[in-house]
Amino acid sequence: MALQWLSLVGTIWLQSISATNSNFPAYSSQLKLLLSLSQLQLNNLAFASDAGKLFGFVSGIAAVYLPLWIVLLIGSALGFVGYGVQYLFLLDKASSLPYTLVFLLTVLAGNSICWINTVCYVIAIENFPFDRQLAVGLSTSYQGLSAKIYSDLVDMFFKSSSSIQRARSYLLLNCILPLVVCLITSPLIRVMKTQRSRRLSGGFLVIFMVTIFTGTYAVITSLGSRKGLCSPSAILIGMCVFLVAPLVVPLMEKLRERMENKCLIRSHGKRVCDESSMEKENGGVVNEHGVKDEGLFVCEDEEMGAKVMIKRLNFWLYFFVYMFGATVGMVYLNNLGQIVESRGSSKTSSLVSLASSFGFFGRIFPCLLDYHISRVKYKVSRPALIALMMVPMTASFFLLLNNNSLCLHISTATIGICTGAITSISVSTTAELFGTKNFGVNHNIVVSNIPIGSLLFGNMAALLYRKEALANDKEKCMGIKCYQTSFIIWGTLCFVGTFLAIILHSRSKKSSLIV
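On a predicted model such as this, the values are computed, not experimentally measured, just so you know.

(A) Seen up close, the state of the cysteines. Enumeration over the complete set of coordinates arrives at one disulfide. In this model, Cys477 is linked to Cys482 through a disulfide, with the two sulfur atoms separated by 2.0 Å. Disulfide Cys477-Cys482: torsion about the S-S bond near -100 degrees, hence left-handed. Among the residues examined, Cys482 registers a relative accessible area of 2% and is labelled buried. The closest cysteine sulfur to the non-disulfide-bonded Cys182 is located on Cys120, 8.3 Å from its own sulfur. According to the relative accessible area criterion, Cys182 is buried, its value standing at 0%.

As structure tokens, this is what we get:
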């Protein structure tokens, strides 16, 4: 069981550094200057990073036929090449890169994230077959901390550097850090046969507590660094301590395994196992809370293939709910660097850290909810949860019409937590609506809305930004008007998405009643 927990800790470390595209806003303005890009070209690079998800199915196929540690190293190698060549170019160590090549390298780097995520999903699902939602939710929540961790590293080692050097440092870290962590965790990443045990509840509780303290620490230090209350070295050391803290679970389990035997040998030679660790009832597994657990999700509808799914109205409702919710939030976060710059602020890094920290809490929220539901024996509609998350998100976009710095921070934090929550909830929503048998293919089709939305909404914002700049006869747009229309459009889309989510909830509820 110690190895089982150790594999989960490995996925936590991988997820914490995997979202290399999340720190793009922190250096996008400098990249725009160094490459002499227009705002539209810069938004296309943000889209390119998301476009890597269109080829995410390749990593799923590779995970079926290759050892997981090889899949992991392939993913880190793709990121190493994608970011590494761009870094060499910014150092003048590589010949001039045409924009098309930079675009393709960004797609390659974005696709590398899919390979790492695929490995983490497989490990969580296979090694925790009766607690899959908890394991997946806990590990993926750490992906929300990626931007915060990268910002802490840059603040620690490149604090006194110029903005151009800081931009280079982000690319350097995106290139090297995932490769290093993948090499460290590759021995831990392996599928093993496990059994249901009451001890898992205690282990999950400990990791829950560590996770919550980690997120709280991330938020406090993000706000503290903005006011200059914490030194970068202290913040980074503290973050490293919290990332190592989950190791206490496999270490304690290993100690327990050494101190006591799982099976006792009776005097007549028969082996008696601890039957309390697993109970069977009607072919399912009943956990310690008396809730029957048959896997990751309980799907009441029929299993659907991709061809059947795309013909259903529920699919298109869900597709646009995701696009008008989480995808719009991601577009805002991708444009955060330009938004902060247009308001005359230089606090891009701290705002990216803030969004990342609150995004972490957003991702962990559904996991905590599932843990609570498993104890009180209730079931909550996923579309209803998405609608609930989109209400404050809609308000945040309209709050951004106020030029006050506090409104910018409140809105960024709210959009971060809601985007993270919707992203996490979507995993179980796809299975709840369309079944688990074809989950991999179905969910990849659903998340294809991300690059589509990124292209449409991002380019729309870039064109409006350019229009305002030209109206003032300047190359750069400064002031609240640069993104004012974009905020109104994004807020309106979120408002529409909220009603679509309510309709989807109503339809899925009726469907479950019919079943």
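(B) Main features of the side chain of Ser141. Checked against the element boundaries, Ser141 lands in helix H7 (residues 132-141). Separated by 2.6 Å, the side chain of Ser141 and the backbone oxygen of Leu138 make a polar contact. The residues contacting Ser141, other than those within four sequence positions of it, are Thr211, Phe360, Arg363 and Ile364.

(C) Fine view of helix H18 (residues 405-434). For H18, built from 30 residues, the straight-helix expectation of 44 Å at 1.5 Å per residue is met to within 8% by its first-to-last C-alpha distance of 43 Å. Taken as a whole, H18 carries its principal kink of about 35 degrees at Ser426. Two or three places before Leu406, at the opening of H18, Asn404 has a side-chain oxygen 2.6 Å from that residue's backbone nitrogen. Downstream of H18 by a residue or two, Gly435 has a phi angle that is positive, lying close to 90 degrees.

(D) Representation of the environment of Arg507. Within the secondary structure layout, Arg507 lies in helix H21 (residues 481-514). Given the relative accessible area of 36%, Arg507 is considered partly exposed. Separated by 193 residues in the primary sequence, Arg507 and Asn314 have C-alpha atoms spaced 7.7 Å apart. Dropping the residues within four chain positions of it, Arg507 is found in contact with Leu313, Asn314 and Leu317.

(E) Molecular detail of the nonpolar core. Residues Trp5, Leu14, Tyr27 and Phe204 are the most contacted members of the largest nonpolar core, which totals 71 residues. At nine residues, helix H6 (residues 99-127) tops the list of elements feeding residues into this core. Sequence-distant contacts of Leu14, that is, excluding residues within four places in its chain, are made with Leu72, Ile116, Cys120, Val181, Cys182, Thr185 and Ile189. Residues Met304, Leu385, Met389 and Phe397 belong to the second largest nonpolar core, which totals 60 residues.

(F) Seen up close, the environment of Asn334. Note on placement: Asn334 falls in helix H14 (residues 313-334). For Asn334, a relative accessible area of 17% puts it in the buried group. When the C-alpha atoms of Asn334 and Ser454 are compared, they prove to be 8.9 Å apart, with 120 residues separating the residues in sequence. In contact with Asn334, not counting residues within four places along its chain, are Phe24, Pro25, Ala46, Asp50 and Ser454.

(G) Inspection of helix H8 (residues 146-157) at higher detail. For H8, which comprises 12 residues, the first-to-last C-alpha distance of 17 Å matches the rise-based estimate of 16 Å (1.5 Å per residue) to within 8%. The set of residues buried in H8 consists of Ser146, Ala147, Lys148, Ile149, Tyr150, Ser151, Asp152, Leu153 and Val154.

What counts, and at which threshold
- Residues numbered from 1 in each chain as written.
- Predicted model: local features only at pLDDT ≥ 70, side-chain atom pairs only at ≥ 80, totals over all residues.
- Heavy atoms only, no water.
- Disulfide = S-S within 2.5 Å.
- Buried < 20%, exposed > 50% of the residue type's maximum accessible area, 1.4 Å probe, protein only.
- Helix = DSSP H or I, 4+ residues; strand = E, 2+ residues; numbered from the N terminus.
- Polar contact = N/O pair within 3.5 Å; in protein donor to acceptor, adjacent residues only side chain to side chain.
- Contact = heavy atoms within 4.5 Å.
- Expected span 1.5 Å × (residues − 1).
- Bend = angle between axes of the 7 residues up to and from the residue.
- Core = buried A, V, L, I, M, F, W, Y, C linked by side-chain atoms within 4.5 Å.

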